[in-house]
Each structure stands twice: as structure tokens, then as C-alpha cells.
Amino acid sequence: QVQLVESGGGLVQAGGSLRLSCAASGKILGITTMDWYRQAPGNQRELVAAMSSSGGKTNYADSVKGRFTISRDNAKNTVYLQMNSLKPEDTAVYYCHVLNIWYENYWGQGTQVTVSS
């Protein structure tokens, strides 16, 4: 089992910034991708940003390109999401997700991000 603990969500005004963190523990050997999803009320969960195990490959949703940056510290088993120029439409619950070499998926508990206009 992999345990994921997220932090950093909150309320911010439009144009502001937040940094989300997700620390992994437990069965961390074999983790490949670490990424962030979000789900707004009434919407499906969507991929926001993903990063490969080496950090060499990243993938972003078109809606966040140029504003969000994903990074990871493998020594700390932690993935981050720096969110700048936040918009009200970024309001959602953000979830950390990891995939390992056995194709097991693990999710964090979610952290609320609310952007006021």
C-alpha cells in the first residue's frame, strides 16, 4: 500500500498562487508516475499535470499550461504542484495520484482549492 498525504490547498483570490504538496509513504519502491488530478462539482475528474519517475517527461492539461508547474523530489517521495495566475475555474478538489510498476493506482484524500473572483 502507498499512503499519500496532500497539503497546501486553500482559498485564494484570482491571480494568486498556491503550492500543493503530496508526500508518499509505504510501498514507495516501484512508483513510476506521480501526478495531479482535479474534480470540480458536477464534473469528471481530470488530469492536471503528470511527471515521469525521472522527471524527464511532463504533461499538462491545456487549461493550465504556462500557469502550473509540476515537480518532484524523489529523495522525499514528494510531488508538488505550483499554481500561479489562478482563475475561478481552477476551483476544485485536487487529488494526488501515483502509479507503480505493478500498475497499482493510489489516490490521496484530496485538498480543496477555491479561487475567488
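Cut-offs applied
- Residues numbered from 1 in each chain as written.
- Predicted model: local features only at pLDDT ≥ 70, side-chain atom pairs only at ≥ 80, totals over all residues.
- Heavy atoms only, no water.
- Pairing = 2+ DSSP bridges.
- Helix = DSSP H or I, 4+ residues; strand = E, 2+ residues; numbered from the N terminus.
- Axes fitted to C-alpha atoms, helices over the stretch in contact; angles between N-to-C directions.
- Buried < 20%, exposed > 50% of the residue type's maximum accessible area, 1.4 Å probe, protein only.
- Salt bridge = Lys/Arg side-chain N within 4 Å of Asp/Glu carboxyl O.

(A) Structural context of the sheet that holds strand β1 (residues 2–7). Across the sheet, which stays open at both edges, the 4 strands sit in the order β1-β3-β8-β7 with antiparallel pairing between neighbours. Single-partner strands in this sheet number two, and they are β1 and β7 (68–73). Adjacent strand axes in the sheet meet at a mean angle of 15 degrees, parallel and antiparallel pairs treated alike. Strand direction decides the pairing type here: β1 and strand β3 (residues 18–26), joined by 6 bridges, are antiparallel. From the neighbouring strand, Gln 3 faces β3, where its bridge partner is Ser 25.

(B) Structural view of the pairing of strand β11 (residues 111–116). Here β11 shows a clear split, with Thr 111, Val 113 and Val 115 buried on one side and none of Gln 112, Thr 114 and Ser 116 buried on the other. Across 4 bridges, the pairing between strand β2 (residues 10–13) and β11 is parallel. Within β11, the residue paired with Gln 13 across the bridge is Ser 116. Relative to β11, strand β9 (residues 92–100) is paired through 3 bridges, and the arrangement is antiparallel. Across the sheet, residue Ala 92 finds its bridge partner in β11, namely Val 113.

(C) The arrangement of the pattern of salt bridges in detail. Counted under the stated rule, the structure contains 5 salt bridges. With its nearest N and O atoms 3.0 Å apart, the salt bridge here joins Asp 90 to Arg 38. Of the two residues, Asp 90 is situated in the loop between β8 (78–83) and β9 and Arg 38 in strand β4 (residues 31–39); the sequence distance between them amounts to 52 residues. The pair Asp 90 / Arg 38 is uniform in exposure class, with both members buried. Arg 67 is paired through a salt bridge with Asp 90; the nearest N and O atoms lie 2.8 Å apart. Placement of Arg 67 in the loop between β6 (58–60) and β7 and of Asp 90 in the loop between β8 and β9 is noted, with a sequence separation of 23 residues between them. A cluster of three or more residues bridged by salt bridges with shared partners is formed by Arg 38, Glu 46, Arg 67 and Asp 90.

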